[in-house]
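# Breakdown of the fold
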Amino acid sequence: MSKRLEGYLYLALAMVLVGSTVAASKIIAAGLPPFTATALRFAVALPLFLLIMRVMRTRWPVLARRDWALLVLQAAAGSVGYTTLLISGLRYTSAADAGVIIGTLPVMSALIAILLLGERPGRAVLGAIALATAGVLAIAFQPGSAAAHPLLGNLLVLGAVVCEGLFILLNKRLRTPVPPLALSATMSAFGLLTALLPALWEAPWQLHASAQAVHALMAVAYYAVVPTVGGFVLWYAGAARVSGAEAALFTALAPVAAVVFAAALLGESVSVRQVGGIACVLAAVASLALTRSSAPAASPPEGAV
């Protein structure tokens, strides 16, 4: 197998795992409070990242106070904010809808850069934003939805995407770049510390033992070990073998995988609107990636960070 083909395989597997986090979050939402689940996720993932750092002989970064403060903000937004909003949103909307919305992350990141950093968008970027918006609108207002409050749920999931977009923006503001492995370990540590107090406020010890709670705990363990740690390893192994533009294109697999898992594991039906929405999102991600052919390898969605 060629180096490039091997990279494609790693990237595809990483994005499939990221897509599976939506179905896992739907299961978690039915059995655990969001901050409790988030704290447990990072409590499981952190020791694994520390072990990998030890094996790879990766050192902790030496940073100024400003950069450490940015890392704390990154953890609060991209790690805790993303996970808790996603889980909260999936209490009210379907996993298939959430998968479509999460696929807009690359476009959301570009939009945030335009609004907050004053970047000037080209026509291709504006077109990608329009396509992604059309995709979200296609599933945001669905008459007769089986979900409890689909609009509220979709807005919460969109908030999760905004949080992850802020994570990417804050990472660009670091004066000293942090290696990916050290960054993931740091995000897990700060994410655990940030989520711990709200998790205690949720009084998880008062939860009743039930099949839903057991399934939720199993889903948290899966989320922490497979997509978070395993997805990280696969993504950066693949990104090292291909160009940045090629790696960016593979992020489009995450929403597709999310919709497939929603149908296969959760038994959700996939509507024509959702198919149309995901087509718009895929076209937006592809056009955005192709306009940035000289960019370094893209960061994966949050499930693999």
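Residues numbered from 1 in each chain as written. Predicted model: local features only at pLDDT ≥ 70, side-chain atom pairs only at ≥ 80, totals over all residues. Heavy atoms only, no water.

### Overview of the overall build of the protein chain
Secondary structure summary: the protein chain contains twelve helices and zero strands in total. Along the chain direction, N to C, the helices and strands of the protein chain fall in the order α-α-α-α-α-α-α-α-α-α-α-α. Over its C-alpha atoms, taken along the principal directions, the protein chain stretches across nearly 50 × 45 × 45 Å. The buried share of the protein chain, taken over its 305 residues, is 50%. Taking all contacts inside the protein chain whose residues are at least 6 apart in sequence as the whole, residues at least 24 apart take part in 92%. Approximately 13,900 Å² of the protein chain is accessible, and the part contributed by carbon and sulfur atoms is 69%. Treating the 18 positive side-chain charges of the protein chain as one cloud and the 9 negative ones as another, the clouds have centres 9 Å apart. (Helix = DSSP H or I, 4+ residues; strand = E, 2+ residues; numbered from the N terminus. Buried < 20%, exposed > 50% of the residue type's maximum accessible area, 1.4 Å probe, protein only. Contact = heavy atoms within 4.5 Å. Areas by Shrake-Rupley, 256 points an atom, 1.4 Å probe, with all protein chains shown as cover. Lys, Arg positive; Asp, Glu negative; His and termini not counted. Charge placed at Lys NZ, Arg CZ, Asp CG, Glu CD.)

### Describing the environment of G165
Structurally, G165 can be placed in helix α7 (residues 150-172). On the basis of relative accessibility, which here comes to 2%, the residue G165 falls in the buried class. The residues touching G165, leaving out its near neighbours within four places in the chain, are L105, S109 and I112.

### So, the packing of aromatic side chains
Applying the stated criterion to the full structure yields four aromatic pairs. Here F232 and Y236 contribute two aromatic rings whose centre-to-centre distance is 5.0 Å and whose plane-to-plane angle is 55 degrees, an arrangement assigned as tilted. One end of the pair, F232, and the other, Y236, are both in helix α9 (residues 211-239), four residues apart, so they sit about a helical turn from each other. Using a relative accessible area of 6% as the deciding quantity, one classes F232 as buried. With relative accessibility at 27%, the residue Y236 sits in the partly exposed group. An aromatic cluster is defined as three or more aromatic residues linked by ring pairs; in this entry it consists of F49, F232 and Y236. (Phe/Tyr/Trp six-rings, centres within 6.5 Å; stacked < 30°, edge-to-face > 60°.)

### Quick notes on the nonpolar core
V22, I28, F49, L71, L86, L90 and I102 are the most contacted members of the largest nonpolar core, which totals 56 residues. Once residues lying within four places of it in the same chain are set aside, the contact partners of L71 are L63, L174, L183, T186, M187 and F190. The next biggest cluster of nonpolar side chains, apart from the first, holds twelve residues, and it includes M15, W235, A239 and V242. (Core = buried A, V, L, I, M, F, W, Y, C linked by side-chain atoms within 4.5 Å.)

### Details of the side chain of E268
With respect to the secondary-structure elements, E268 resides in the loop between α11 (253-266) and α12 (272-291). The charged side chain of E268 is buried without a salt bridge, its nearest counter-charge being K26 at 4.6 Å. One polar contact links the side chain of E268 to the main-chain amide nitrogen of A96, over a distance of 3.0 Å. In this structure, E268 is in contact with K26, S94, A95, A96, A262 and A263, ignoring residues within four places of it in sequence. (Salt bridge = Lys/Arg side-chain N within 4 Å of Asp/Glu carboxyl O. Polar contact = N/O pair within 3.5 Å; in protein donor to acceptor, adjacent residues only side chain to side chain.)

### Observations concerning the confidence of the model for the protein chain
Residue-level pLDDT values for the protein chain average 87, and 91% of them are 70 or greater. Between the elements of the protein chain, mean pLDDT differs from a low of 74, seen in helix α10 (residues 244-249), to a high of 96, seen in helix α2 (residues 34-56). (pLDDT = per-residue confidence, 0-100.)

### Observations concerning the side chain of D67
Residue position: D67 is located in helix α3 (residues 65-89). Residue classification places D67 among the buried residues on the basis of a relative accessible area of 1%. In this structure the side chain of D67 is engaged in a polar contact, spanning 3.1 Å, whose partner is the backbone nitrogen of R175. Of note is the side chain of D67, whose polar atom sits 3.1 Å from the backbone nitrogen of T176.

### Notes on a nonpolar patch on the surface
A contiguous nonpolar patch, built from L196, L197, L200 and W205 and spanning about 470 Å² of accessible area, is present on the exposed surface. Within the secondary structure layout, W205 lies in the loop between α8 (180-201) and α9. (Patch = residues over 30% accessible without salt bridge, like charges linked within 9 Å, V, L, I, M, F, W, Y side chains within 5 Å.)

### Topic: the environment of Y223
Mapped onto the elements, Y223 comes out in helix α9. By relative accessible area, Y223 is classed as buried at 1%. Sequence spacing of Y223 and T38 is 185 residues, and the spatial spacing of their C-alpha atoms is 9.9 Å.

### Considering unusual backbone geometry
One non-glycine residue, R57, lies in positive phi territory at about 55 degrees. Within the secondary structure, R57 is located in the loop between α2 and α3. Residue R57 is classed as exposed on the basis of its relative accessible area, which comes to 76%.

### Points about the pattern of salt bridges
Per the counting criterion, the structure on display carries two salt bridges. Among the ionic pairs, R241 bridges to E6, the shortest N-O distance being 2.8 Å. Taken together, the residues span a long stretch of sequence, with R241 in the loop between α9 and α10 and E6 in helix α1 (residues 3-29) at a distance of 235 residues. E6 sits in the partly exposed class, given a relative accessible area of 22%.

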